[in-house]
Amino acid sequence: MDPELLEGITARRAELDELEEQPAKQSAEVRAERNELAVAERVLERVSEQLANERASVTPAPGQVGGRAVMLIPHRTSGVEESTLPPDYQRILAAVRQAAGPVMARQVGDAPGIDVSVRAKLEPLRGRLVRLVDRGWLRKLPDGRFTTCL
């Protein structure tokens with residue numbers, strides 16, 4: 001037999017073997033991607049359910065920060081009532097509303113009966129006021145005073 005002809009046949013057989021393997025490789029890749037999509041779809045469904053449950057829950061849920069239980073403050077939206085806030089935060093909102101105008105943290109502390117003469121007691125109150133600002137319950141003016149939202 002002619003060595004060149006034999007070499008051509010061998011080369012063509014290798015090409016055909018490779019062509020034959022390509023659909024199997026593509027099919028395996030398609031199956032793997034479909035499996036990944038199925039997993040992603042299940043994760044998306046679970047996350048969507050969790051978000052829907054969290055939005056439906058109007059009462060703040062206790063969370064964990066540094067191993068300690070804390071009460072989460074909800075964002076102010078049309079469906080969220082002030083009564084969903086913890087009692088301390090409700091008293092702070094009431095104190096700001098009862099004031100004749102914008103108030104400093106020290107003035108707010110006098111109303112709920114918090115001893116604000118000690119800085120260690122004033123700073124947590126200021127933190128609560130800022131948290132209420134962040135959640136849309138209060139406004140903070142550029143001079144550092146707090147007031148109700150319009």
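Below or above, wherever it landed, is the structure these notes cover. Starting from 1, residues in each chain are numbered consecutively following that chain's sequence as written. It should be noted that, the model being predicted, local features are given only for residues of pLDDT at least 70 and side-chain atom pairs only at 80 or more, the latter also being counted only at that level, while totals for whole chains, interfaces and linings use all residues. Values reported for side chains reflect all heavy atoms of the structure, with hydrogen atoms and water molecules removed beforehand.

A separate point is the overall build of the protein. Within the protein one finds four helices and four strands. Under the DSSP-based scheme used, a helix requires at least four consecutive residues in state H or I and a strand at least two consecutive residues in state E, with every element numbered from the N terminus. Secondary structure elements in the protein, listed N-terminal to C-terminal, are α-β-β-α-α-α-β-β. Residues counted as buried form 19% of the 150 residues belonging to the protein. Summing over all exposed atoms, the protein offers an accessible surface of approximately 11,300 Å²; the carbon and sulfur share of this is 53%. Relative accessibility under 20% of the residue-type maximum defines a buried residue, over 50% an exposed one, and the middle range a partly exposed one, all with a 1.4 Å probe and only protein chains included. Surface accessibility follows the Shrake-Rupley procedure with a 1.4 Å probe radius. Residue values consider only the protein chains on display as shielding.

Of all hydrophobic cores here, the largest spans 19 residues; its most connected members are Leu-85, Val-108, Leu-125, Leu-129, Leu-132 and Trp-137. When residues of this core are traced back to their parent elements, those giving at least two are helix H2 (87-98), helix H3 (105-110) and helix H4 (119-134). Any two residues whose heavy atoms approach within 4.5 Å are treated as being in contact. Excluding residues within four positions of it along the chain, Val-108 makes contact with Ile-92, Ala-95, Val-96, Val-103, Leu-125 and Leu-129. In this description, a nonpolar core means a group of buried Ala, Val, Leu, Ile, Met, Phe, Trp, Tyr and Cys residues linked to one another through side-chain atoms lying within 4.5 Å.

Once their charged atoms are close, side chains differing in charge can pair, the charge on each being opposite to the other. Whenever Lys or Arg places a side-chain nitrogen within 4 Å of a carboxyl oxygen from Asp or Glu, that contact is recorded as a salt bridge. Taken as a whole and assessed by the stated rule, the structure comprises six salt bridges. Between Arg-12 and Glu-15 there is a salt bridge, with its nearest N and O atoms 2.9 Å apart. With Arg-12 and Glu-15 both in helix H1 (residues 3-56) and three residues apart, the pair spans about one turn of that helix. Between Asp-88 and Arg-128 there is a salt bridge, with its nearest N and O atoms 3.9 Å apart. Taken together, the residues Asp-88 in helix H2 and Arg-128 in helix H4 connect sequence positions 40 residues apart. Here Asp-88 falls in the partly exposed class, since its relative accessible area comes to 34%. What makes Arg-128 partly exposed here is its relative accessible area of 26%. Taken together, the shared-partner salt bridges in this structure form one network comprising Asp-88, Arg-91 and Arg-128.

For a helix, the expected span equals 1.5 Å multiplied by the number of residues minus one. Taking 1.5 Å per residue as the helical rise, H4 with its 16 residues ought to reach 22 Å, and the 22 Å between its terminal C-alpha atoms agrees with that figure. The complete set of buried residues in H4 reads Leu-122, Leu-125, Leu-129 and Leu-132. For H4, the buried positions fall inside an angular range of 80° around the axis, keeping them on one side. Of the exposed residues in H4, the ones pointing more than 90 degrees away from its buried face are Arg-119, Ala-120 and Asp-134. Buried residues along H4 sit in contact with H2, H3, strand E3 (138-140) and strand E4 (146-148). A positive phi of about 90° marks Gly-136, the residue just after H4. By construction, the arc corresponds to the directions joining the helix axis to the C-beta atoms.

This paragraph deals with a negative patch on the surface. Here a patch means residues that are over 30% exposed by relative accessible area and free of salt bridges, tied together within 9 Å if like-charged and within 5 Å if nonpolar (Val, Leu, Ile, Met, Phe, Trp, Tyr). Counted charges follow a simple rule, with Lys and Arg positive, Asp and Glu negative, and His plus the chain ends left uncounted. Charge coordinates come from a single atom per side chain, which is NZ of Lys, CZ of Arg, CG of Asp or CD of Glu. A cluster of acidic side chains, namely Asp-17, Glu-18, Glu-20 and Glu-21, defines a negative patch on the protein surface. Among the secondary structure elements, Glu-21 is positioned in helix H1.

Our next topic: a nonpolar patch on the surface. On the surface, Val-39, Val-43, Val-47 and Leu-51 cluster together into a nonpolar patch covering about 290 Å² of accessible area. For Val-47, the position within the fold is in helix H1.

Okay, H2 next. Residues separated by three or four positions in an α-helix point in the same direction, a consequence of the helix having 3.6 residues per turn. For H2, built from 12 residues, the straight-helix expectation of 16 Å at 1.5 Å per residue is met to within 8% by its first-to-last C-alpha distance of 16 Å. When we look at burial in H2, the residues that qualify are Tyr-89, Ile-92, Leu-93, Ala-95 and Val-96. Along H2, the residues classed as buried sweep out an arc of 160° about the axis, all on the same side. Exposed and oriented more than 90 degrees from the buried face of H2 are Pro-87 and Gln-98. Looking at the buried side of H2, the elements it contacts are H3, H4, E3 and E4.

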